[in-house]
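Observations on the model geometry
Here is how the chains run, residue by residue.
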Amino acid sequence: MIWNETKECMSREEMRNLQSARLRKLVDYVYHNVEFYRKKMQAVGLIPSDIKGIEDIEKLPFTTKDDLRDTYPFGLFAVPQSEIVRIHASSGTTGKATVVGYTRRDLDIWAECVARCMTMAGVGRNDIVQVAYGYGLFTGGLGAHSGAEKIGAMVVPMSTGNSQKLTTMMVDFGATAIACTPSYLLHISEVLAANGMLDQIKLKAAICGAEPWTEKMRNEIEKRLNIHAHDIYGLSEVMGPGVACDCEYHAGLHVCEDHFFPEIVDPKTLKGLPEGETGELVFTTLTKEGLPLIRYRTKDLTSLTRETCECGRTSARISRFKGRSDDMLIIRGVNVFPSQVEAALVNVEEVTPHYMIIVDRVNNLDTMEIQVELNSEYYTDEIKGIEKLTKKIGHVILQALGLNAKITIVQPGALKRSEGKAVHVVDNRKYE
Ligand code: DLL
């Protein structure tokens, strides 16, 4: 399956043979180039020749986000730094980011995978694609950008944050496709409606992802904008957007499984689950050079099928995501772990480690409030002091998460104490 020959697919057997050959090569590659994997394999008495094909994948150890954090920043890279041509990063579970490195070939394959996804969404060389994912360390902007360029579309690199400009350009340029988070697209539809511009747009398709959304939300987007909206999935550790995407039948997301081998495991026992059962999605990157990952635990919950899709594609499909097996939140497309907030607040001596994150959705945009308890030694009635402290904490949070939050300082002892596992998050967003 390549981006401009989407209907010419390998048989399941051909795919399995290709995956087996690539897995053997990968295991040999990481054994000789990444100390972390060599040690992990040695610990269980494995040598590369023990892996004969994809059926042996379960013998291999898992990789987690903590492994990336523990080897921060470049410890899992398999090539010298001179071979790395791009870095991206996403939130780690505590203050440190997880850093991803790409070789020139990794970038080419990434663009190819995104191009396949855009092709599934009906985007071609005559299209004008507005990319309204964030550009920068986040993989969304540059990832979508390269894929759209690869198919020869005209790319408008909008990034996020200026909806008025985006809608004006959408009309003026006659944009026919947009790539952004689904919640942002709903917001854009409101801006268009408010400006009376809905009937002036030429949009046909949207490629939305980076956060959980529902069929109901897709229907709403499609109805408001009179377009087809497609679900694109990915994660920076594995590559970025373009790991999987849904076709016109919207019957699950087709995985680019010649590059990313998917498994579903029980998140508690880590045993493989049969097709159709929901569990944690695990990926092995079959062709990556810079940061190859073996059995990376995504923490995303979904199920898998290898039945041929009505569209004719034979690739494995994952169902729409059913949540995560950890406490990661996605706020305005940014990954947030409550532990990051905690780690940031520890450095502010005027407050205690008691906090509550309240997430909501207003006008289809996520909002985040962080309630923080004042340390009794600093308790004061003085409004000015509180204002200054609120600003200081807002800055600390912005530095730590890359997100603005409304900070509310509450009196010592005001936040409810939990008798069991502390509850730090109230998520009022509805995903029905
Ligand atoms: O969000 C990459 C991406 C960019 C995907 C643009 C799609 C479009 P991270 O910031 O590393 O990478 O976040 C990855 O976001 O593990 C999921 O929990 C969630 N996620 C991504 N796409 C979807 C989706 C990018 N279509 C994490 N549906 C993943 C549900 C998604 N969740």
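Let us look at the structure shown here. (Residues numbered from 1 in each chain as written. Predicted model: local features only at pLDDT ≥ 70, side-chain atom pairs only at ≥ 80, totals over all residues. Heavy atoms only, no water.)

What follows deals with the environment of Ala-177. Checked against the element boundaries, Ala-177 lands in strand E5 (residues 177-180). The sequence separation of Ala-177 and Ala-121 amounts to 56 residues, and the corresponding C-alpha distance is 9.2 Å. Setting aside residues no more than four positions away along its own chain, Ala-177 makes contact with Val-123, Ile-128, Val-129, Gln-130, Leu-203 and Ala-205. (Helix = DSSP H or I, 4+ residues; strand = E, 2+ residues; numbered from the N terminus. Contact = heavy atoms within 4.5 Å.)

Our next topic: the site of the ligand. Residues in close proximity to the ligand total 23 residues, the closest being Ala-210, Asp-231, Ile-232, Ser-236 and Asp-300. One of the backbone N or O atoms of Glu-211 is found 3.3 Å from a nitrogen atom in the ligand. For the ligand, an oxygen atom lies 2.6 Å from a polar atom in the side chain of Asp-300. Within the complex, 97% of the 610 Å² of free accessible area of the ligand lies under protein. Looking at the shell around the ligand, the elements that each hand over two or more residues are helix H5 (139-150) and strand E7 (228-235). No other element matches the 5 residues that E7 contributes to the shell around the ligand. Considered class by class, the residues forming the shell around the ligand number 11 nonpolar, 7 polar and 5 charged. (Near = heavy atom within 4 Å. Polar contact = N/O pair within 3.5 Å; in protein donor to acceptor, adjacent residues only side chain to side chain. Areas by Shrake-Rupley, 256 points an atom, 1.4 Å probe, with all protein chains shown as cover. Nonpolar A, V, L, I, M, F, W, Y, C, P; charged D, E, K, R; others polar.)

Quick look at the pattern of salt bridges now. Here the structure, examined in full by the defined rule, presents 27 salt bridges. Residue Glu-215 is joined to Arg-218 by a salt bridge in which the shortest nitrogen-to-oxygen separation is 3.0 Å. In this pair, Glu-215 and Arg-218 both sit in helix H8 (residues 215-225), 3 residues apart, roughly one turn of the helix. The residue Arg-429 makes a salt bridge to Asp-366 at a minimum N-O spacing of 3.1 Å. Pair noted here: Arg-429 is in the segment after strand E20 (425-427) and Asp-366 is in strand E18 (residues 365-374), with a separation of 63 residues, a long-range link. Owing to a relative accessible area of 7%, Arg-429 belongs among the buried residues under this scheme. Taken together, the salt bridges that share partners define one network made up of Glu-215, Arg-218, Asp-231, Asp-246 and Arg-320. (Salt bridge = Lys/Arg side-chain N within 4 Å of Asp/Glu carboxyl O. Buried < 20%, exposed > 50% of the residue type's maximum accessible area, 1.4 Å probe, protein only.)

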